[in-house]
Amino acid sequence: MYTQGLDSLGKECVDRSAGDSGPLAQRFQERVDADEKIEPRDWMPDAYRQTLIRQISQHAHSEIVGMLPEGNWISRAPTLRRKAVLIAKVQDEGGHGMYLYSAAETLGISRDQMQEQLLAGTAKYSSIFNYPTLTWADMGAIGWLVDGAAILNQIPICRCSYGPYARAMVRICKEESFHQRQGFEIMLTLARGTPSQREMAQDALDRWWWPSLMMFGPGDAQSRHTAQSMRWKIKRFTNDELRQKFVDVTVPQARFLGLTVPDPHLAWDEAQQHYRFGAIDWSEFQAVLQGNGPCNRERLQMRRAAHEEGAWVREAATAHARKQAVRQGEAA
Ligand code: FAQ
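None of these values were measured; they are calculated from a predicted model. Starting from 1, residues in each chain are numbered consecutively following that chain's sequence as written. Local features in this predicted model are restricted to residues whose pLDDT is 70 or higher, and side-chain atom pairs enter the listing and the counts only when it is 80 or higher, whereas totals over whole chains, interfaces and linings include all residues. Hydrogens and water molecules were not included; the side-chain quantities draw on all heavy atoms of the structure.

Novice: Is there a simple way to think about the overall build of the chain in this case?
Specialist: Helix and strand labels come from DSSP, where a helix needs a run of H or I of at least four residues and a strand needs a run of E of at least two; each type is numbered from the N terminus. What the chain contains, in helices and strands, is 13 helices and two strands. Just to be clear, the radius of gyration here is over C-alpha atoms, and the globule rule we use is 2.2 Å times residues to the power 0.38. A compact globule built from 332 residues should have a C-alpha radius of gyration of about 20 Å, and the chain, at 21 Å, falls within 12% of that. We call a residue buried when its accessible area falls under 20% of the maximum for its residue type, exposed when it is over 50%, and partly exposed in between, using a 1.4 Å probe and counting protein chains only. Counting only residues that meet the buried cut, the chain has 49% of its 332 residues in that class. Taking contacts inside the chain between residues at least 6 apart in sequence as the whole, the part at least 24 apart equals 79%. Only carbon and sulfur atoms are counted for the fraction: they give 54% of the accessible area of the chain, which is about 16400 Å². Distance between charge centroids for the chain: 4 Å, based on 40 positive and 40 negative side chains. Only heavy atoms matter for contacts: two residues are in contact if any of them lie within 4.5 Å across the pair. Each accessible area value is a Shrake-Rupley result obtained with a 1.4 Å probe; residue values ignore everything except the protein chains displayed when judging cover. Counting rule for charge: Lys and Arg are taken as positive, Asp and Glu as negative, and neither His nor the chain ends is counted. To locate a charge, the coordinates of NZ of Lys, CZ of Arg, CG of Asp or CD of Glu are taken.

Novice: Which parts of the structure should I look at to understand the state of the cysteines?
Specialist: By definition, a disulfide links the sulfur atoms of two cysteines through a covalent bond. Whenever a pair of cysteine sulfur atoms sits within 2.5 Å, that pair is classed as a disulfide. Under the defined criterion, the tally for this structure stands at zero disulfides. Here C158 stays unpaired: no disulfide links it, and the sulfur of C173, its closest cysteine neighbor, is 3.9 Å away. A residue is classified by how much of its surface remains accessible, and C158, at 22% relative accessible area, is partly exposed.

Novice: Please clarify how unusual backbone geometry should be interpreted in this entry.
Specialist: Trans peptide bonds make up the majority, and among non-glycine residues the majority have a negative phi. Although it is not a glycine, K233 adopts a positive phi angle of roughly 60°. Within the fold, K233 resides in the loop between helix 9 (226-231) and helix 10 (239-257). Of note in the backbone geometry, Q273 takes a positive phi value of approximately 60° without being a glycine. Along the chain, Q273 turns up in the loop between strand 1 (267-269) and strand 2 (274-276). Under the relative-accessibility criterion, Q273 is labelled partly exposed at 44%.

Novice: I would appreciate a short explanation of the environment of L289 in the present structure.
Specialist: Relative to the assigned elements, L289 resides in helix 11 (residues 282-292). Its relative accessible area of 33% is what places L289 among the partly exposed residues. Excluding its chain neighbours within four sequence positions, the residues that come into contact with L289 are K124 and S127.

Novice: How should I be thinking about the site of the ligand in this particular structure?
Specialist: Neighbouring the ligand are 35 residues, the closest being Q58, K124, H225, K235 and N239. In the environment of the ligand, a nitrogen atom lies 2.8 Å from a nitrogen or oxygen atom belonging to the backbone of S127. Pairs of N or O atoms are called polar contacts if they sit within 3.5 Å, as long as, within protein, a hydrogen donor faces a hydrogen acceptor (for residues adjacent in sequence, only side-chain-to-side-chain pairs). One of the side-chain N or O atoms of N153 is found 3.1 Å from an oxygen atom in the ligand. Its free accessible area being 1100 Å², the ligand has 93% of it covered by the protein chains. Looking at the shell around the ligand, the elements that each hand over two or more residues are helix 2 (46-65), helix 4 (80-105), helix 6 (137-154), helix 7 (163-191) and helix 11. With six residues, the single largest contributor to the shell around the ligand is helix 2. In this classification, the charged set is Asp, Glu, Lys and Arg, the nonpolar set is Ala, Val, Leu, Ile, Met, Phe, Trp, Tyr, Cys and Pro, and all remaining amino acids, among them Gly, are polar. Its residues assigned to classes, the shell around the ligand comprises twelve nonpolar, 13 polar and ten charged. Throughout, near means a residue has at least one heavy atom within 4 Å of the molecule or strand.

Novice: When you look at the nonpolar core in this model, what are you seeing that I'm missing?
Specialist: One recurring pattern in soluble globular proteins: nonpolar side chains tend to sit buried together. Here, nonpolar core refers to any group of buried Ala, Val, Leu, Ile, Met, Phe, Trp, Tyr and Cys residues whose side-chain atoms link them within 4.5 Å. Counting residues in each nonpolar core, the largest one holds 78 residues, and the members touching the most others are Y48, I56, Y162, Y165, W208 and W209. The dominant element in this core, judged by the number of residues it contributes, is helix 7, at eleven residues. Every residue in contact with Y162, bar those within four places of it in the chain, is listed here: K37, I38, E39, P40, M44, Y48, L52, I56, A103, T106 and L107.

Novice: Where do I start with the pattern of salt bridges in this structure?
Specialist: Pairing is possible between side chains that carry opposite charge, provided their charged atoms lie close to one another. In the sections that follow, a salt bridge refers to a side-chain nitrogen of Lys or Arg positioned within 4 Å of a carboxyl oxygen of Asp or Glu. By the definition in use, this model includes 18 salt bridges. Its salt-bridge partner being R81, residue E185 comes within 3.4 Å of it at the nearest N-O pair. With a gap of 104 residues between them, E185 in helix 7 and R81 in helix 4 connect regions that are remote in the sequence. Relative accessible area serves as the criterion here: at 31%, E185 is assigned to the partly exposed category. Linking R299 and E298 is a salt bridge whose minimum nitrogen-to-oxygen distance equals 3.7 Å. We classify R299 as buried; its relative accessible area is 5%. Take E298: its relative accessible area is 43%, and that puts it in the partly exposed class. When salt bridges with common partners are traced through the structure, they connect E70, K89, E93 and D147 into a single cluster.

Novice: I'm lost on the packing of helix 6 against helix 8 (residues 195-214) in this one. Help?
Specialist: Packed helices, taken two at a time, are described by their axes: the angle between them and the distance between them. Packing of helix 6 against helix 8 leaves a shortest axis separation of 9 Å and a crossing angle of 30°. Handedness of the helix 6/helix 8 crossing: right-handed. Only M200, A201, A204, L205, R207, W208, W209 and S212 of helix 8 make contact with helix 6, whose side of the interface consists of A137, D138, A141, I142, W144, L145, V146 and A149. Axis lines are fitted through C-alpha atoms, for helices just across the contact stretch, and the angle between N-to-C directions can take any value from 0 to 180 degrees. Note on convention: near helix rotated counterclockwise from far helix by under a right angle means a left-handed crossing. Clockwise means right-handed.

Structure below.
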């Protein structure tokens, strides 16, 4: 369902003017154009390397910070089954962060450097994780909308030009698909429940709809990286193309749930075969990116505390590795 139509979008947005010249750069672009994978030891333009480090590390940080809004509900899940599923989902997100940090490390940045950037507040992570999770229905809305948006954004990355990133995304997308379904199932249960459960589901949709649309990034005219990233096949579709696909897929799902998308301008455009939707409040998006969203400070505080509290684990692991190395040296 989420992959339908993705292969027919995006071709006209490739900017051919940017990029290095010189025989190595030319050969590199030819390989990308031929859909060959670029591997860590291959020559690549420095700007390509930096773009990947930026995007993959932001993506990894998003997964790690993204554990916090849901982690908040593990102890309050309504049943044992819901608790077990939520724990598994949050663990998956931790795993996604680890694969992605490993993929970024192949480009020459260390995990410690990425951690420092996150904890210092200089690294970006997805805006969506700076919103609070106020009710149980938010677990449904996150799975349905946030993971749904993440899948649409990430399936094309399985075909991205950089091998380690593309391969990491294959497993991640499979797990995101399970996450999306569990979220939809929570919403369905609430939507078919008591009037107050239904109200809770509607309230969660009202609060998460617009931030989910913002996940895809600024509009194409404002996106500074899209043209070059598409030329390098890091991105396969523009932010607006993916956002439109998300709206087209999700609105019928909201109707199936019997919930109302909080957008008075939402309308089906028969000629275009797309839903038209209202204007996004980009000032809210910018405020979140500048650190002034509802939970930015809380999220970073939590990460810093977790890092400090985990110092003894890192020390123990390092001491264990040292001991192992000495023993292996003695045995050799
Ligand atoms: N939030 O020129 P563009 C998940 C920044 S994972 C914050 O369009 P680009 C799983 C952008 O970095 C969610 N910042 O940039 C999960 C750039 O800043 P810079 C994360 C944003 O890179 C589910 C500037 O604005 N997914 O949800 C955002 O070409 C549930 C200009 O933007 C990924 O990271 C934003 N929403 O396109 C976990 C997917 N949007 O670096 C837990 C991979 C834009 O110049 C629970 N990433 N910015 O200072 C991508 O596809 C791209 O990086 C985009 C942005 C599309 C996010």
